Amino acid sequence: MGAYFRMEQKFGHLGIPGLVRILAFFKLITWVLLMGNTSFADALYFDLGKIYQGEVWRLASFLILPNTGGSLLIIFEIFFLFMIGDSLEQAWGPFGVTLYFFGSALLGIAVCLLLSPISPKGYYPALSGGPIYASLIMAAGCLYPDVIIQLFLIIPVKLKWIGMIAGFGILLSVFRAGSSLGSFILYGLPLLACLIPFTVVFVPALVKGLQQQSKVTARRSRFERGKLPATEAFHKCDECGATEISHTDREFRITSEGQELCS
């Protein structure tokens, strides 16, 4: 994290406050325009062939195309982005959200550009905003796993499950793209590249958390089998060394980084 803090101190002024809200607003405007003229979307898609012909705005315009799953899904997508954008910015600040979002987008674009010279003639790697926004949802699910969301304003669902669904959707798209080596290169690799920021930020912490949880489970199991000495504790603070035996008034929790801390 030291490298990140140095970046924030040096480039923090480049963070865009309310970035996700701004993107959601432009998605809403684009959706309204598409209701009047559906062909307008043809000018916004990520199309490397046309980008190489000079339509460079496509490198960014694909990020404001709304979901194609129908009006209800579009409305839910825009509302959901407004909500998680505020939550992510509260946790990371404008610079962190900006770095995460554009890191995901730029990595996907970079992989498309790198693969285009070796792509079959007449074909180019494809990219959409779906995996980039899915990465945001997965991040929110990791940061606020137990927050309840009213899905479609009716069904209560924990945010972690929505994040898992988003991740599963991306993996399913990669699996479908892997029907052949050529399609995996053109369509699967750019999708996976968009998930690199999520992998870097959250996977190590998730692994540590699982390891710590397994240690606690093992201690509890030994205790239940009567093999745990009376002086051995279930919990031990990684910061001060306190246990529930030495400090009976304290509560213990596992952080997102996998550390066990006391209150």
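To start, this report covers the structure provided alongside it.

Rules used throughout
- Residues numbered from 1 in each chain as written.
- Predicted model: local features only at pLDDT ≥ 70, side-chain atom pairs only at ≥ 80, totals over all residues.
- Heavy atoms only, no water.
- Helix = DSSP H or I, 4+ residues; strand = E, 2+ residues; numbered from the N terminus.
- Contact = heavy atoms within 4.5 Å.
- Expected span 1.5 Å × (residues − 1).
- Buried < 20%, exposed > 50% of the residue type's maximum accessible area, 1.4 Å probe, protein only.
- Arc of directions from axis to C-beta.
- Salt bridge = Lys/Arg side-chain N within 4 Å of Asp/Glu carboxyl O.
- Core = buried A, V, L, I, M, F, W, Y, C linked by side-chain atoms within 4.5 Å.
- Axes fitted to C-alpha atoms, helices over the stretch in contact; angles between N-to-C directions.
- Parallel < 35°, antiparallel > 145°, perpendicular 65-115°, else oblique.
- Left-handed = near helix turned anticlockwise from the far one by under 90°.
- Nonpolar A, V, L, I, M, F, W, Y, C, P; charged D, E, K, R; others polar.
- Patch = residues over 30% accessible without salt bridge, like charges linked within 9 Å, V, L, I, M, F, W, Y side chains within 5 Å.
- Areas by Shrake-Rupley, 256 points an atom, 1.4 Å probe, with all protein chains shown as cover.
- Phe/Tyr/Trp six-rings, centres within 6.5 Å; stacked < 30°, edge-to-face > 60°.
- Lys NZ or Arg CZ within 6 Å of the ring centre and 35° of its normal.

Before going further, it helps to examine the overall build of the protein chain. A count of helices and strands for the protein chain gives 9 helices and 4 strands. Helices and strands appear in the protein chain in the N-to-C order α-α-α-α-α-α-β-β-α-α-α-β-β. Within the protein chain, contacts between residues separated by at least 24 positions form 60% of all contacts whose residues are at least 6 apart in sequence.

To continue, consider helix 2 (residues 19-36). For helix 2, built from 18 residues, the straight-helix expectation of 26 Å at 1.5 Å per residue is met to within 8% by its first-to-last C-alpha distance of 26 Å. For helix 2, the full list of buried residues reads Leu19, Val20, Leu23, Ala24, Lys27, Thr30, Trp31 and Leu34. Relative to the axis of helix 2, the buried residues are bounded by an arc of 130° and lie together on one face.

Time to look at the pattern of salt bridges. Evaluation of the coordinates by the stated rule reveals 5 salt bridges. Between Glu77 and Lys27 there is a salt bridge, and its shortest N-O distance comes to 3.0 Å. In this pair, Glu77 sits in helix 5 (residues 71-115) while Lys27 sits in helix 2, placing the two residues 50 residues apart along the sequence. We note a salt bridge from Asp146 to Lys160, for which the minimum N-O separation is 4.0 Å.

Judged by nonpolar contacts, the single largest core of 45 residues is most densely connected at Phe46, Phe80, Phe101 and Leu136. Contributions of two or more residues to this core are made by helix 2, helix 3 (48-52), helix 5, helix 6 (130-143), helix 7 (159-177), helix 8 (181-194) and helix 9 (196-224). Broken down by element, this core gets its largest block of residues, 13 residues, from helix 5. Setting aside residues no more than four positions away along its own chain, Phe46 makes contact with Ile51, Arg58, Leu59, Phe62, Ile109, Cys112, Pro125 and Leu127. Among the nonpolar cores identified, the runner-up in size contains 5 residues, and Ala242, Phe252, Leu261 and Cys262 belong to it.

Glancing now at the packing of helix 7 against helix 8. Look at helix 7 against helix 8: their axes get within 8 Å of each other, and the N-to-C directions meet at 165°. Classified by the interaxial angle, the pair formed by helix 7 and helix 8 is roughly antiparallel. For the pair helix 7 and helix 8, the sense of crossing is left-handed. Facing Ser173, Val174 and Ala177 of helix 7, the residues of helix 8 in contact are Ser183, Phe184, Tyr187, Gly188, Leu191 and Leu192. When the residues that make up the contact of helix 7 with helix 8 are grouped by side-chain class, the tally is 6 nonpolar, 3 polar and no charged.

Together, Ile16, Ile22, Phe25, Phe26, Leu28, Ile29, Val32, Leu33, Met35 and Phe40 line one region of the surface with nonpolar side chains, adding up to about 830 Å² of accessible area. With respect to the element layout, Leu28 can be found in helix 2. Residue Leu28 is classed as partly exposed on the basis of its relative accessible area, which comes to 31%.

Attention shifts here to the packing of aromatic side chains. Taken as a whole and assessed by the stated rule, the structure comprises 8 aromatic pairs. When the ring of Phe46 is compared with that of Phe62, the centres are 5.3 Å apart and the planes differ by 70°; the resulting orientation is edge-to-face. Placement of the pair is Phe46 in the loop between helix 2 and helix 3 and Phe62 in the loop between helix 4 (58-61) and helix 5, with a sequence separation of 16 residues. No difference in accessibility class separates Phe46 from Phe62, as the two residues are buried. Here the aromatic residues Trp92, Tyr100, Phe198 and Phe202 are joined through ring pairs into a cluster of three or more. A cation sits over an aromatic face here: Lys27 above Tyr133, 4.3 Å from the ring centre.

Between helix 6 and helix 7, whose axes approach to 8 Å, the crossing angle comes to 150°. Between helix 6 and helix 7, the interaxial angle falls into the category roughly antiparallel. Where helix 6 crosses over helix 7, the handedness of that crossing is left-handed. Residues Gly130, Pro131, Ala134, Ile137, Met138, Ala140 and Gly141 of helix 6 form the contact with helix 7, whose participating residues are Leu159, Lys160, Ile162, Gly163, Ala166, Gly167 and Ile170. Looking at the contact of helix 6 with helix 7 residue by residue, the class counts come to 9 nonpolar, 4 polar and 1 charged.

The next thing to look at is the side chain of Ser61. Within the secondary structure layout, Ser61 lies in helix 4. In this structure Ser61 comes out as buried when scored by relative accessible area, which is 9%. Setting aside anything within four residues of it in sequence, one finds Ser61 in contact with Ala43 and Leu44.

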